[in-house]
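Chains, contacts and geometry: an overview
For reference, the chains in residue letters:
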Amino acid sequence: MLAGLRVRTRRTSNLIRDLHTKLCIIGSGPGAHSAAIYASRGALEPILVEGKLSNFPPPGGQLTTTIDVENYAGFSDGVGGFELMQLMKQQSAKFGTRILTEEVESVDFTKLPYKLKTERSDISADSVIIATGAVARRLDFIGVDEYWNRGISACATCDGALPMFRNENVVVVGGGDSAMEEALFLTKFAKQVFVVHRRDELRASQIMQKRARSNAKITFILSHVVERAVGDGKRLNSLVIKSTKSGNEESMLDTKGLFFAVGHIPATKFLHGSGLGLDTDGYVITLNNQTTTNLPGVFACGDVADRVYRQAITAAGTGCMAALDAERYLEGAT
């Protein structure tokens, strides 16, 4: 048994484990595992609850659905997203992190130690790091699943520089500031960028619209939606788009890439009503440029608290910060 980890069992309709830890990390992406690596090397012997294998995205987070990661430091030839997350998980376990492939169903932050319930465990923790990430919104149309990661992506910054998109026509779906930023980024690599938006007006700020419209490589296709993705079974070749104004009028758009820029959904549903500070979109609110929250001993890192950068490397950086913040908190609490 790990030092500082008390395990009991009690028999109910199912076998429920009672666990106690100095630090419980909820999540499984770069932020969670960076926090786990720092915390375990700091002798906090954390428990990391990574979620169920049946989840989407599965344990490992959104990177597990990315074929090639070329912008994570240390991998000059790139690395598969799933492979990168397996390496992080192995490193977490190597230093003593206990990893539970379970889903946190509820939390009780009313008093210390904090209580977390999964389908198999009741966990009490002296501190908690929330690192559950945010899932990119995906529109539903014919072919989106077939060509996901084979031309369709939700992160231009992550994937836009890949060879498969260079000097090709690509599409950004969305009308807000994020869509303008993605389109402008893609102009560095693509031959032409088409911005498809379902309304006849963009939601982006005027300054972002001006920047995008002044770029000769960006073409706007307003009042249209994507109806289906077409390819050869291996990669995307074109999109069928449909007018939202003229009924069934459809047209074909030749493209090798489609990038969703229609927002993200932070994985914080289980935290609603817990007393933890969330903004209007559900992101965890952190304070004073740190990972601290409005609750003592509760910290947040990665995309669950980041609506701006949303990169694996920034998530990993804030994971380190969260572990150090938790360690200092626990030292002050003893």
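Residues numbered from 1 in each chain as written. Predicted model: local features only at pLDDT ≥ 70, side-chain atom pairs only at ≥ 80, totals over all residues. Heavy atoms only, no water.

**Describing the sheet that holds strand β15 (residues 250-254)**
Here we have 3 strands laid out as an open sheet, ordered β13-β14-β15, and antiparallel in their pairing. Among the strands making up the open sheet, the edge pair consists of β13 (224-231) and β15. Between one strand axis and the next, the sheet turns by 30° as a mean value, whatever way the strands run. Sheet topology places strand β14 (residues 236-243) next to β15; 5 bridges connect them, and they run antiparallel. Paired with Ile241 across the two strands is Ser251, which belongs to β15. (Pairing = 2+ DSSP bridges. Helix = DSSP H or I, 4+ residues; strand = E, 2+ residues; numbered from the N terminus. Axes fitted to C-alpha atoms, helices over the stretch in contact; angles between N-to-C directions.)

**Some remarks on the packing of helix α1 (residues 30-41) against helix α2 (residues 81-94)**
Contact geometry of α1 with α2 gives a least axis separation of 9 Å together with a crossing angle of 25°. Comparing their axes, α2 and α1 come out roughly parallel. The handedness of the crossing between α1 and α2 comes out as left-handed. Together, Pro30, His33, Ala36, Ile37 and Ser40 of α1 and Met85, Met88, Lys89, Gln91 and Ser92 of α2 make up the contact between the two elements. (Parallel < 35°, antiparallel > 145°, perpendicular 65-115°, else oblique. Left-handed = near helix turned anticlockwise from the far one by under 90°. Contact = heavy atoms within 4.5 Å.)

**Structural notes on the sheet that holds strand β16 (residues 257-260)**
The parallel open sheet is built from 5 strands, whose spatial order is β9-β16-β10-β11-β12. With one partner strand each, in any of the chains shown, β9 (152-153) and β12 (218-222) form the two edges of the open sheet. Pairing of strand β10 (residues 169-173) with strand β11 (residues 192-197), which is carried by 5 bridges, proceeds in the parallel orientation. Within the sheet, the bridge partner assigned to Val170 lies in β11 and is Val193. Here helix α4 (residues 177-186) sits on the sheet in contact with β10, β11, β12 and β16, set at roughly 170° to β10.

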